[in-house]
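The lines below spell out each chain.
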Number of protein chains: 2
Amino acid sequence: MSRSRKPVAGKGAGAHAGAPAKRTAPDLAQVRAQIDEIDLRIQELIGERARWAQQVGKAKGPLKAAVDYYRPEREAQVLRRIIDRNDGPLSDAEIVRLFREIMSACLAQQQPLKIGFLGPNGTFSEQAARKHFGHSAHGLPLASIEEVFTEVESGNADFGVVPVENSGQGTIQVTLDMFLTSKARICGEVELRVHQYLLSRSGQLADIERVYSHPQSLAQCQAWLRQHLPKAERVPVSSNAEAARRARNADDAAAIAGEAAGHVYHLKAVAGPIEDRPDNTTRFLVIGRELFPPSGNDRTSLLVFVKDQPGALYEVLRPFAEHGVSMNRIESRPSHQGLWQYAFFIDFEGHVEDAPVRAALAELERHAAQVRVLGSYPLAIV
Amino acid sequence: MSRSRKPVAGKGAGAHAGAPAKRTAPDLAQVRAQIDEIDLRIQELIGERARWAQQVGKAKGPLKAAVDYYRPEREAQVLRRIIDRNDGPLSDAEIVRLFREIMSACLAQQQPLKIGFLGPNGTFSEQAARKHFGHSAHGLPLASIEEVFTEVESGNADFGVVPVENSGQGTIQVTLDMFLTSKARICGEVELRVHQYLLSRSGQLADIERVYSHPQSLAQCQAWLRQHLPKAERVPVSSNAEAARRARNADDAAAIAGEAAGHVYHLKAVAGPIEDRPDNTTRFLVIGRELFPPSGNDRTSLLVFVKDQPGALYEVLRPFAEHGVSMNRIESRPSHQGLWQYAFFIDFEGHVEDAPVRAALAELERHAAQVRVLGSYPLAIV
């Protein structure tokens, strides 16, 4: 379904009925009356949307829990259309966030989705879960990544959200390894931007002789540290919170941590964001128990077991190249299934129902010891 | 501004154009097309609302930060109207939540509000702050309630959110006492429901001989414990998380804690919610630097210093009774201003701009050593 109709742009909206007049200073009471009128219409439409959402349930037959209605591919399509036609003034991220919340509320009318994540509350994993499922979903903070998998498999959680890689630092191995034994499927992905700050008691760069942080955070800010604090000692500690705690006790120390840690530990921001890659992002996977149909812009994750023999890797890669399937990522891990047997985690563009992907997989299966489709799922949306 | 126009009710909506037809099983594709059409209109309206919100800023003159636009009394009025005309299918709490997020996004177009709360992330205080200010606001997790006050006074935070009382357990003294010396004003209140669960390793009530929990949580579940576990020992510990941690290590122990703690510590829910008052609620105050105009349904908080002399309390209470001002709460605290001088915290219905309140205050000032208006603010909305 493609629509070309567009809302009137914020920039040149003067001529549009209902858009703010630009010439004269607006009257506050009038502006508020306009907003009240708009709120009334938004409320009516949200109510109408919620009633139609109930009909989705009925169309699907006698099901009860939200997990039976939730369709990641449909949600991705809706959100992509919203971004396509967004011309402000709210950013794509903000308007998508609002629609995720509206969808979350409509979906939660039956029984809210239960979403497991690495707790406690307040972690990046929770932020990712909320970003994807909204605040009407029921969050289950869990003690470990392993537990997110087991709670999803057992059905205690409908879906789980687990970190899988950082744009600068690479893969979170424990997550990948879980797929070696778990039956969980990948149903989606979430990307979350992560910002780092240099924090110290004085707030003066010249005072700093030591920088505390988690090794991953130090690594994310390497280039910045080389340039601005070439002589400072870098001290890896167990967490960024611990780094901030230590920096609090010395005049010549600083911590790399999130901005919030500065407020908690009374530190001033010397500089930030200081991550080397301005797009420093952690990618999370949404795991569930099912595979879903294509959304039109999908990624597939495979787990391929191969015997360690000459040409094995080549045989794995060849079918993708031959069928024009674009590979995003390949990573090998010990398979734990036998000595000298390897597992490859492979991400590529497309859905297992796409013809070129089907052809590549059919060929791959002739050469590999085992091929397991972990999931075909919509690409992360903003 | 009163509107009588109502959206069509969910229950008997069959006759309404655009409402789902009830007779035949709906066709999924048709239902989705309807939802797409509604989403398009919602998106247009949100964009239009955001543009009008920019005009509010212009109407108010050359201001820049969101704090200059934020009007708690106006927000309360908008949300009350939304509740008045809500006839489902979403609950009042859900529709209010969605509108708070829409307002939060519109307000954050200039520069998001900075909201201090007792951290770390994931606390009830953060939940209260998000419930009130939405997710476009910038959250500042702080180390203590004291610090929330100082960050608001210094302007580092635009507003703060601090717990002030629990429906079962009464006042949080440290918060009240901060007002004795702080210049912060009360601009709003937030109510948050709190649920307690009995958690244990086996999940069997018969096994339980000890119950760990924070003293406040034990107190919130007194009657339930008396009825269901009359012989079990009650062991107060420093936090509910600590309680869950201890319960994990014994077959004959249980913890009272939030449901989430059970997932973190691998405990089963024996029963819950088990709080004695089904409306177990913590009330938070929103603190800022200003007083705001009436919203039409307000509460006022006063701090009154009186000399310890016969009849002093009576002289404090009398003006309210005489002018028909309904008092909700009075609490006395040592004033720290001199031996045998007392401070009374008084909450009553109405706004300092209301005539009866003005009259009562004028009379009160003749008898009290000092009267300080902490704030007149809209009552909590769902």
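Cut-offs applied
- Residues numbered from 1 in each chain as written.
- Chains lettered and ligands numbered in written order.
- Predicted model: local features only at pLDDT ≥ 70, side-chain atom pairs only at ≥ 80, totals over all residues.
- Heavy atoms only, no water.
- Contact = heavy atoms within 4.5 Å.
- Buried area = accessible area lost by both parts, 1.4 Å probe.
- Salt bridge = Lys/Arg side-chain N within 4 Å of Asp/Glu carboxyl O.
- Polar contact = N/O pair within 3.5 Å; in protein donor to acceptor, adjacent residues only side chain to side chain.
- Helix = DSSP H or I, 4+ residues; strand = E, 2+ residues; numbered from the N terminus.
- Axes fitted to C-alpha atoms, helices over the stretch in contact; angles between N-to-C directions.
- Left-handed = near helix turned anticlockwise from the far one by under 90°.
- Nonpolar A, V, L, I, M, F, W, Y, C, P; charged D, E, K, R; others polar.
- Least-squares fit on C-alpha atoms with pLDDT ≥ 70 in both.
- Expected span 1.5 Å × (residues − 1).
- Buried < 20%, exposed > 50% of the residue type's maximum accessible area, 1.4 Å probe, protein only.
- Core = buried A, V, L, I, M, F, W, Y, C linked by side-chain atoms within 4.5 Å.
- Pairing = 2+ DSSP bridges.
- 1 Å grid on protein atoms, 1.4 Å probe; cavity = no way out; pocket = protein on both sides within 12 Å on 5 of 7 lines; lining within 4 Å.
- Points joined across faces, edges and corners; volume = space filled by probe spheres on them.

J.: Can you help me understand the interface of chain B and chain A in this one?
T.: Many structure descriptions define interface size as the accessible area lost when the parts assemble. Chain B puts 81 residues into the contact, and the matching count from chain A is 80 residues. The contact between chain B and chain A buries some 7800 Å² in all, and 63% of this surface belongs to carbon and sulfur atoms. When the buried area of chain B at its contact with chain A is split by residue, B:Gln43, B:Arg51 and B:Trp52 rank highest and sum to 10% of it. The interface formed by chain B and chain A includes eight salt bridges. Viewed at the interface, chain A and chain B are joined by 23 residue pairs in polar contact (both at pLDDT 80 or more). Elements supplying a minimum of two residues to the side of chain B that touches chain A: α1 (28–59), α2 (72–84), α3 (92–107), β2 (138–142), α5 (145–154) and α10 (259–264) of chain B.

J.: Can you help me understand the packing of α2(B) against α3(B) in this one?
T.: How two helices pack is summed up by the angle between their axes together with the distance between the axes. Residue and element names in this part refer to chain B. As a packed pair, α2 and α3 sit with axes 10 Å apart at the nearest point and diverge in direction by 145 degrees. Of the two possible hands of crossing, α2 and α3 adopt the one that is right-handed. Contacts from Glu-75, Val-78, Leu-79, Ile-82 and Ile-83 in α2 reach Asp-92, Ile-95, Val-96, Phe-99, Arg-100 and Met-103 in α3. A per-class count over the contact of α2 with α3 returns eight nonpolar, no polar and three charged.

J.: Help me out: how do you make sense of the relation of the copies chain B and chain A in this one?
T.: Copy one and copy two of the chain differ by a rotation about an axis and a translation along that axis. Least-squares fitting of chain B to chain A yields an RMSD of 0.1 Å, with the superposition described by an axial translation of 0.1 Å and a rotation of 180 degrees. Taken together, the turn and the small shift mark the pair as related by a two-fold rotation axis. Mapped onto chain A, 99% of the interface residues of chain B are again interface residues, and the two copies thus contact each other with one and the same surface.

J.: Would you mind showing me how to read the pattern of salt bridges here?
T.: A side chain with one charge can pair with a side chain of the opposite charge if their charged atoms come near. Per the counting criterion, the structure on display carries 40 salt bridges over all chains. Between A:Arg81 and B:Asp36 there is a salt bridge, and its shortest N-O distance comes to 2.9 Å. With A:Arg81 in helix α2 (residues 72–84) and B:Asp36 in helix α1, this residue pair bridges two chains. With a shortest N-O distance of 2.9 Å, A:Arg318 and A:Glu322 are connected by a salt bridge. With a gap of four residues between them, A:Arg318 and A:Glu322 both fall in helix α11 (residues 312–322), about one helical turn apart.

J.: Honestly, helix α3 (residues 92–107) of chain A in this entry has me stumped. Any pointers?
T.: Given 3.6 residues per turn, any residue in an α-helix points the same way as the ones three and four places further on. Counted at 1.5 Å a residue, the expected span for α3(A) with its 16 residues is 22 Å, and the 22 Å between its end C-alpha atoms agrees. Of all 16 residues in α3(A), 14 are buried; the element is thus mostly enclosed.

J.: Would you mind showing me how to read the nonpolar core here?
T.: Generally speaking, nonpolar side chains in soluble globular proteins are found buried as a group. Among the nonpolar cores identified, the biggest contains 49 residues, and A:Ile42, A:Ile46, B:Ile42 and B:Ile46 are the most heavily contacted of them. Listed by contribution, the elements that provide at least two residues to this core are α1 (28–59), α2 and α3 of chain A together with α1, α2 and α3 of chain B. Residues within four places of A:Ile42 in sequence aside, it is in contact with B:Leu45, B:Ile46, B:Arg49, B:Phe99 and B:Ile102. B:Leu142, B:Ala157, B:Val162 and B:Phe305 belong to the second largest nonpolar core, which has 24 residues in total.

J.: I tried to follow the pairing of strand β11 (residues 281–288) of chain B on my own but got confused; where do I start?
T.: Where a strand is regular, its side chains alternate between the two sheet faces. Residues and elements named next belong to chain B. With eight of eight residues buried, β11 lies mostly within the body of the structure. On β11, burial covers both faces: Thr-281, Arg-283, Leu-285 and Ile-287 on one face and Thr-282, Phe-284, Val-286 and Gly-288 on the other are all buried. Looking at chain direction, strand β3 (residues 159–166) and β11 are connected through six bridges and run antiparallel. Across the sheet, residue Val-161 finds its bridge partner in β11, namely Val-286.

J.: I keep staring at the layout of surface pockets and nothing clicks. Help me out?
T.: A water-sized probe, rolled over the atoms, reveals where empty space remains. Reported here for the second largest pocket is a volume of approximately 180 Å³. Around the second largest pocket, the lining residues are A:Glu147, A:Thr150, A:Glu151, A:Asn156, B:Leu199, B:Glu259, B:Gly262, B:His263, B:His266, B:Leu267, B:Lys268 and B:Ala269. Contributions of two or more residues to the lining of the second largest pocket are made by α5 (145–154) of chain A together with α10 and β10 (268–271) of chain B.

J.: It is not clear to me how the sheet that holds strand β6 (residues 197–200) of chain A should be interpreted in this structure. Could you clarify?
T.: Strand pairing in a sheet is mediated by backbone hydrogen bonds. Such pairs are either parallel or antiparallel. Residues and elements named next belong to chain A. Read across the open sheet, the five strands follow the order β8-β7-β9-β6-β10; overall the sheet is mixed. Taken across any chain shown, the strands that pair with only one partner, and hence form the sheet edges, are β8 (233–236) and β10 (268–271). Shown here is a sheet whose adjacent strand axes are inclined to one another by a mean of 35 degrees, direction ignored. One ladder, built from four bridges, connects β6 with strand β9 (residues 253–257); its direction is antiparallel. Each bridged residue has a counterpart across the sheet, and for Leu-198 the counterpart in β9 is Ile-256. Of the strands in this sheet, β6, β7 (210–213) and β9 are in contact with helix α9 (residues 240–247), which crosses β9 at around 160 degrees.

J.: What is the right way to look at empty space enclosed by the protein in this model?
T.: The full count for this structure, using the stated rule, is 13 cavities of 30 Å³ or more. Surrounding the largest cavity, 28 residues form its lining, A:Arg49, A:Tyr69, A:Glu75, A:Met103 and A:Leu107 being those nearest its centre. Contributions of two or more residues to the lining of the largest cavity are made by α1, α2, α3 and α4 (124–133) of chain A together with α1 of chain B. Take the lining of the largest cavity: its biggest share by element is five residues, from α3(A). Looking at the lining of the largest cavity residue by residue, the classes come out as 15 nonpolar, six polar and seven charged. In this structure, the second largest cavity occupies an estimated 300 Å³ of space. Taken together, 16 residues form the lining of the second largest cavity, with B:Arg49, B:Val56, B:Tyr69, B:Arg74 and B:Leu107 sitting closest to its centre. When residues of the lining of the second largest cavity are traced back to their parent elements, those giving at least two are α1 of chain A together with α1, α2 and α3 of chain B. At four residues, α1(B) tops the list of elements feeding residues into the lining of the second largest cavity. Split into classes, the residues belonging to the lining of the second largest cavity amount to nine nonpolar, two polar and five charged.

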